[in-house]
Amino acid sequence: MINIIRVKDYEEASDKAFEVMKQFLVPGKVLGLATGSTPLGLYARMVKDHEENGTSYADIHSYNLDEYVGLPLEHPESYYSFMHRNLFNKIDIREENAHVPSGLGEDLEEQARKYDEMIDNEPVDIQLLGLGSDGHIAFNEPGTPFDSGTHVCDLAESTIRDNCRFFDNDMSKVPTQAVTQGIGTIMKAKHILLLACGANKAQAVKDMLEGPVDESCPASILQNHPDVTVIIDEPAAALLK
Ligand code: GLP
């Protein structure tokens, strides 16, 4: 079941997202976190709420969706750095409780298997998702099996193009692989909160909500999840019936 919330713009989308997230900011909850530009407004609101209202993350755990393969942790565009810069360093979550999959080391598939095991042991209460312009969620590109677990994947050329803005607009600097939670992993979350803003998401939003449930649009699988909230702004909703 997808509950669709249509809002005017990015700021309103971030406000609504925070309203949903706020219910989960209580001790014992497990958050599934995402990177990309889209969640930044929500993270800013979580930081403000921590600073002004004292909301504590000391007993909250988190699992991130994905990480580039081969970027050192301290690289400014590693998702490890992104999460510390935009959220973890500004709240009181404990480092050992804030999990980001590793894209470094010898046996990435074995590490991926262990990541899934950890998530199985503490199921995610709310999974935050952005949406790729090709319909990807996390780094699950079109064609990824719906039952996939955390795995190493190749990035689609369109994703490398979308993300090269973070790498001096140089496509050759964007990693070509990532470690990503699988679609099967994501679907285990009890509640899913997907945010999509901007005209470049309009086709993916339409395919996700109105298209068939098909691996050509990874996000379309959310139609089969029991409890999803999708927040979209006007430009992202432009192609909906
Ligand atoms: C990236 C991330 C996704 C994110 C998507 C959209 O490739 N792996 O998790 O949802 O692209 O990014 P943005 O929010 O910047 O549009």
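Residues numbered from 1 in each chain as written. Predicted model: local features only at pLDDT ≥ 70, side-chain atom pairs only at ≥ 80, totals over all residues. Heavy atoms only, no water.

Chemist: Could you give an account of the site of the ligand, naming the residues involved and the relevant values?
Modeler: Near the ligand there are 14 residues, and of these Ser37, Thr38, Asp66, Phe139 and Lys201 occur at the shortest range. In the environment of the ligand, an oxygen atom lies 3.2 Å from a nitrogen or oxygen atom belonging to the side chain of Asn163. Between an oxygen atom of the ligand and a side-chain N or O atom of Arg165, the distance comes to 3.0 Å. If the ligand stood free it would expose 390 Å²; the protein chains cover 94% of that surface. Across the shell around the ligand, the residue classes break down as 4 nonpolar, 7 polar and 3 charged. (Near = heavy atom within 4 Å. Polar contact = N/O pair within 3.5 Å; in protein donor to acceptor, adjacent residues only side chain to side chain. Areas by Shrake-Rupley, 256 points an atom, 1.4 Å probe, with all protein chains shown as cover. Nonpolar A, V, L, I, M, F, W, Y, C, P; charged D, E, K, R; others polar.)

Chemist: Break down the pairing of strand β6 (residues 126-129) for me, with residues and values.
Modeler: What you see with β6 is no split at all: Ile126 and Leu128 on one side and Gln127 and Leu129 on the other are buried throughout. Relative to strand β9 (residues 191-196), β6 runs parallel, the two sharing 4 bridges. The residue bridging Ile126 from the neighbouring strand is His191, located in β9. (Buried < 20%, exposed > 50% of the residue type's maximum accessible area, 1.4 Å probe, protein only. Helix = DSSP H or I, 4+ residues; strand = E, 2+ residues; numbered from the N terminus. Pairing = 2+ DSSP bridges.)

Chemist: A description of the sheet that holds strand β4 (residues 66-68) should follow, citing residues and the corresponding values.
Modeler: Ordered by their spatial adjacency, 3 strands build an open sheet running β4-β8-β7, and the pairing between neighbours is antiparallel. A single partner strand is all that each edge strand has here, and the edge strands are β4 and β7 (151-154). Averaged over all pairs of adjacent strands, the angle between their axes in this sheet comes to 30 degrees, without regard to strand direction. Examined bridge by bridge, β4 and strand β8 (residues 177-180) share 3 bridges and lie antiparallel to one another. When the sheet's bridge partners are listed, Tyr68 is paired in β8 with Ala178. (Axes fitted to C-alpha atoms, helices over the stretch in contact; angles between N-to-C directions.)

Chemist: Before we move on, can you summarise the packing of helix α2 (residues 40-53) against helix α3 (residues 79-86) with the specific residues and values?
Modeler: Orientation of α2 relative to α3, taken along the N-to-C sense of each, is 45 degrees, at an axis distance of 10 Å. When the axes of α2 and α3 are compared, the pair comes out oblique. Packed against α2, whose contacting residues are Leu40, Tyr43 and Val47, the element α3 presents Phe82, Met83 and Asn86 at the interface. Classifying every residue of the contact of α2 with α3 gives 5 nonpolar, 1 polar and no charged. (Parallel < 35°, antiparallel > 145°, perpendicular 65-115°, else oblique. Contact = heavy atoms within 4.5 Å.)

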